[in-house]
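Now for the letters of each chain:
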Amino acid sequence: QLVKVFVTRRIPQEGLKVLSQSGICHVQLWDSDEPVPQAELLKGVSGARGLLCLLSDKIDQEVLDAAGPDLKVISTLSVGFDHLAIEDIRNRGIRVGYTPDVLTDATAELTVALLLATARRIPEAVAEVKNGGWSTWKPLWMCGYGLSGSTVGVIGLGRIGLAIAKRLKPFGVKRLLYWGRTPKPEASEVEGEFVPLDALLGESDFVVVSCALTPETQQLCSKDFFGKMKKTAVFVNSSRGAVVNQEDLYEALSSGQIAAAGLDVTTPEPLPPDHPLLKLKNCVILPHIGSATYSTRGIMSVLAANNLLAGLMGGKMPSELVL
Ligand code: GLV
Ligand code: GLV
């Protein structure tokens with residue numbers, strides 16, 4: 001008797017193959033690159049033993065009710081899990097798998113690329129080449145900020161934050177500050193200094209946000225936060241959009257309170273193309289592509305599939321979210 005699993009989106013073939021060849025489940029797939037409509041999600045989870053979802057699927061009370069008591073495991077194709085109603089899920093005895101570690105390198109690379117693109121104004125410069133704004137080599141034109149000799153502040157020195165710090169250090173970063181709930185022993189690998197948030201904001205030339213979205217970090221980056229940053233500082237966020245108050249960020253960028261911002265995450269996602277932040281030259285916005293390399297997404301899909309299968313069989317998951 002094969003158990004039902006519902007997969008909320010077209011995912012890399014490797015992961016689907018793991019599921020279909022397992023011999024223990026039949027897969028119902030929302031076979032599209034677009035999000036599953038809520039009604040289809042509710043139908044899909046009904047009677048399912050397992051759910052493989054994405055960070056864009058809100059798994060809340062309504063979905064859990066629609067699934068009913070058969071649902072035993074939720075596997076998300078992400079390291080973040082703020083889209084899951086964890087309390088309710090735990091109360092129902094449902095196990096959760098996620099995909100840490102395998103996306104750390106890709107996400108750290110993208111964050112470094114975004115930081116450099118923002119600090120050195122690369123999208124703006126590319127646009128000038130195309131629109132005829134490049135008239136000659138100009139000593140005062142298109143200047144930005146460099147990492148060499150700088151102070152970098154990382155908010156949330158977790159797996160990804162540390163990987164970002166390790167990549168930034170060789171650019172000649174002079175001091176590496178970090179802030180979070182607790183000091184991290186592994187910070188010694190980057191000579192990281194644990195400092196109060198105010199000190200980090202006041203001293204950093206680059207402020208990089210790499211913390212999980214939790215009630216404590218929701219809207220952490222707001223008026224007060226940007227107000228403590230240097231006017232020449234660059235802000236980068238590749239964690240979750242809701243860590244930032246975007247109206248306050250807009251104000252800080254348009255008033256010159258801070259120099260520039262690079263965002264791989266926004267609220268909402270997608271950001272509407274007419275959003276005010278997109279009109280600012282000193283704001284670089286990417287469409288949440290931190291983990292988007294071919295190989296990383298393939299590996300994530302296999303890990304998510306193996307988490308799901310292990311959960312279905314009551315075994316040890318390769319990456320179980322233990323809270
Ligand atoms: C991406 O944002 C993830 O959580 O994997
Ligand atoms: C957070 O997702 C981390 O792994 O740093």
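Data block above holds the structure.
In short, a report on the structure. Since this is a predicted model, take the numbers as computed values, not measurements.

## Structural notes on the environment of Ala 252
Move 1: Inspection of the secondary structure puts Ala 252 in helix H10 (residues 246–254).
Move 2: Through-space distance from the C-alpha of Ala 252 to that of Gly 144 is 17 Å; in sequence the pair is 108 residues apart.
Move 3: Setting aside chain neighbours within four positions, we find Ala 252 in contact with Phe 226, Gln 257 and Ile 258.

## Structural notes on the environment of Pro 185
Move 1: Tracing the chain through its elements places Pro 185 in the loop between strand E7 (175–179) and strand E8 (192–194).
Move 2: In sequence terms Pro 185 and Gln 38 are 147 residues apart; their C-alpha atoms lie 43 Å from each other.

## Things to note about helix H11 (residues 294–312)
Move 1: Its 19 residues give H11 an end-to-end C-alpha distance of 27 Å, which sits within 8% of 27 Å, the value for a rise of 1.5 Å per residue.
Move 2: The first or second residue beyond H11 is Gly 314, which carries a positive phi of 70 degrees.

## Concerning the site of ligand 2
Move 1: Around ligand 2 sit Val 79, Gly 158, Arg 159, Ile 160 and Gly 161, and those are all the residues in its vicinity.
Move 2: Interatomic distance of 3.0 Å between a side-chain N/O atom of Arg 159 and an oxygen atom of ligand 2.
Move 3: Here an oxygen atom of ligand 2 sits 2.9 Å away from a polar atom, N or O, in the main chain of Ile 160.
Move 4: Taken together, the residues of the shell around ligand 2 break down into two nonpolar, two polar and one charged.

## Looking at unusual backbone geometry
Move 1: Cis rather than trans, the peptide bond between Thr 267 and Pro 268 has omega equal to -5 degrees.
Move 2: Checked against the element boundaries, Pro 268 lands in the loop between strand E11 (260–263) and strand E12 (283–285).
Move 3: Here the amide bond leading from Glu 269 into Pro 270 is cis, since omega sits at -5 degrees, within 30 degrees of zero.
Move 4: Relative to the elements of secondary structure, Pro 270 occurs in the loop between E11 and E12.
Move 5: Its identity is not glycine, yet Arg 121 carries a phi of approximately 60 degrees, on the positive side.
Move 6: Relative to the helices and strands, Arg 121 resides in the loop between helix H5 (104–119) and helix H6 (122–131).
Move 7: When its relative accessible area of 25% is taken as the criterion, Arg 121 is described as partly exposed.
Move 8: Positive phi values are uncommon outside glycine, yet His 288 reaches one of about 50 degrees.
Move 9: Considering the arrangement of structural elements, one finds His 288 in the loop between E12 and H11.

## What to know about the pattern of salt bridges
Move 1: Going through the model one piece at a time under the given rule, you end up with 16 salt bridges.
Move 2: Residue Glu 40 is joined to Lys 43 by a salt bridge in which the shortest nitrogen-to-oxygen separation is 3.4 Å. With Glu 40 and Lys 43 both in helix H2 (residues 38–45) and three residues apart, this pair spans about one turn of that helix.
Move 3: Put simply, Arg 175 and Glu 193 hold a salt bridge, and the shortest N to O gap is 2.7 Å. Here Glu 193 lies in strand E8 and Arg 175 lies in strand E7, a separation of 18 residues in the sequence.

## So, the pairing of strand E6 (residues 151–155)
Move 1: Buried residues dominate E6, accounting for five of its five residues.
Move 2: Once the chain exits E6 it traverses helix H7 (residues 159–168) before rejoining the sheet at E7, and the crossover so formed is right-handed.
Move 3: As paired elements, E6 and strand E9 (residues 206–209) share four bridges and run parallel to each other. Within E9, the position partnered with Val 154 by the bridge is Val 208.

## Focus: the side chain of Ser 291
Move 1: By the secondary structure assignment, Ser 291 is in the loop between E12 and H11.
Move 2: The exposure class assigned to Ser 291 is buried, which follows from its relative accessible area of 10%.
Move 3: Among the polar contacts made by the side chain of Ser 291, one reaches the side chain of Arg 297 at a distance of 2.9 Å.
Move 4: Residues in contact with Ser 291, not counting those within four places in the same chain, are Leu 103, Ala 106, Thr 107, Thr 296, Arg 297 and Met 300.

Rules used throughout
- Every chain begins its residue count from 1, and numbering advances along the sequence as written.
- Chains and ligands are labelled sequentially in the order written, the chains with letters from A and the ligands with numbers from 1.
- Only residues with pLDDT of at least 70 are given local features in this predicted model, and only at 80 or more are side-chain atom pairs given and counted; all residues enter the totals for whole chains, interfaces and linings.
- Hydrogens are left out, water is left out, and the side-chain values use all remaining heavy atoms of the structure.
- Secondary structure counts use DSSP, requiring at least four H or I residues in a row for a helix and at least two E residues in a row for a strand, with both numbered from the N terminus.
- By the convention used here, residues are in contact when the closest approach between their heavy atoms is within 4.5 Å.
- What a helix is expected to span follows from its residue count: subtract one and scale by 1.5 Å.
- For each residue, the test is whether any non-hydrogen atom lies within 4 Å of the molecule or strand; if one does, the residue is near.
- Any pair of N or O atoms that falls within 3.5 Å is considered a polar contact. Within protein, one atom must be able to donate a hydrogen and the other to accept it, and sequence-neighbouring residues count only if both atoms are side-chain atoms.
- Each residue gets one of three labels, nonpolar for Ala, Val, Leu, Ile, Met, Phe, Trp, Tyr, Cys and Pro, charged for Asp, Glu, Lys and Arg, and polar for the others, Gly among them.
- Burial status follows relative accessibility: with a 1.4 Å probe on protein chains alone, a residue under 20% of its type maximum counts as buried, one over 50% as exposed, and anything between as partly exposed.
- Each reported salt bridge corresponds to a side-chain nitrogen of Lys or Arg within 4 Å of a carboxyl oxygen of Asp or Glu.
- Note on handedness: a crossover is taken as right-handed if, strands pointing away from the viewer, the path from the first strand over the helix to the second is clockwise.
- Two strands are said to pair when DSSP picks up at least two bridges between them.

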